[in-house]
Amino acid sequence: MKELMRTTDPVKLAIASALLDGEGIAAFQIDVHMSVLEGSIGILPRRLMVADSDLDKARKVLTDNEIGDS
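Residues numbered from 1 in each chain as written. Predicted model: local features only at pLDDT ≥ 70, side-chain atom pairs only at ≥ 80, totals over all residues. Heavy atoms only, no water.

### Observations regarding the pairing of strand β3 (residues 46-50)
No. 1: For strand β1 (residues 2-7) and β3, the ladder comprises five bridges, and the chain directions are antiparallel. Bridge pairing in β3 links R6 to R47.
No. 2: Direction of pairing for strand β2 (residues 27-30) relative to β3: antiparallel, over a ladder of four bridges. Following the sheet pairing, Q29 is matched in β3 by L48. (Pairing = 2+ DSSP bridges. Helix = DSSP H or I, 4+ residues; strand = E, 2+ residues; numbered from the N terminus.)

Below, the structure written as structure tokens:
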């Protein structure tokens, strides 16, 4: 798995996940529990991971939809 994006914005993660799902690209969020433990003050980013083989296509989907890292 490769990191596609890292952000503290849960809305951006939800949008990115939905866009990828619509393209048939499986994505997995990690560090979700760590961000909950820090009290939801937004200092620990969550990462969106995709399969190595889907990385280039996933980056294109996010770029085409103007969803970038934060």
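### With respect to the sheet that holds β1
No. 1: Across the sheet, three strands lie side by side as β1-β3-β2; this open sheet has antiparallel pairing. Each of the sheet's edge strands pairs with one partner strand only, and the pair in question is β1 and β2. Averaged over all pairs of adjacent strands, the angle between strand axes in this sheet comes to 25°, irrespective of strand direction.
No. 2: On the sheet, helix α1 (residues 10-22) packs against β1, β2 and β3 and is oriented at approximately 10° with respect to β3. (Axes fitted to C-alpha atoms, helices over the stretch in contact; angles between N-to-C directions. Contact = heavy atoms within 4.5 Å.)

### Structural notes on unusual backbone geometry
No. 1: Backbone geometry places E66, a non-glycine residue, at a positive phi of 55°.
No. 2: Inspection of the secondary structure puts E66 in the segment after α3 (55-64).

### Describing the confidence of the model for the protein
No. 1: The predicted model of the protein averages 88 in pLDDT, with 86% of residues at 70 or higher.
No. 2: Averaged pLDDT values for the elements of the protein fall to 68 in helix α2 (residues 32-37) and rise to 96 in α3. (pLDDT = per-residue confidence, 0-100.)

### Details of the pattern of salt bridges
No. 1: On inspection of all chains with the given rule, the structure shows three salt bridges.
No. 2: Measuring nitrogen to oxygen at the nearest pair gives 2.7 Å for the salt bridge that ties R6 to E3.
No. 3: When the shortest N-O distance is used, the salt bridge between R47 and D31 registers 2.6 Å. In this pair, R47 sits in strand β3 while D31 sits in the loop between β2 and α2, placing the two residues 16 residues apart along the sequence. (Salt bridge = Lys/Arg side-chain N within 4 Å of Asp/Glu carboxyl O.)

### Section: α1
No. 1: With 13 residues, α1 ought to run about 18 Å at 1.5 Å a step, and its terminal C-alpha atoms sit 18 Å apart, in line with that.
No. 2: K12, L13, A16 and L20 are the residues of α1 that are buried. One face of α1 carries all of its buried residues, which in axial projection span an arc of 100°. Facing away from the buried side of α1, by more than 90 degrees, are the exposed residues V11, A18, D21 and G22.
No. 3: Among the structural elements, β1, β2, β3 and α3 are those in contact with the buried residues of α1. (Expected span 1.5 Å × (residues − 1). Buried < 20%, exposed > 50% of the residue type's maximum accessible area, 1.4 Å probe, protein only. Arc of directions from axis to C-beta.)

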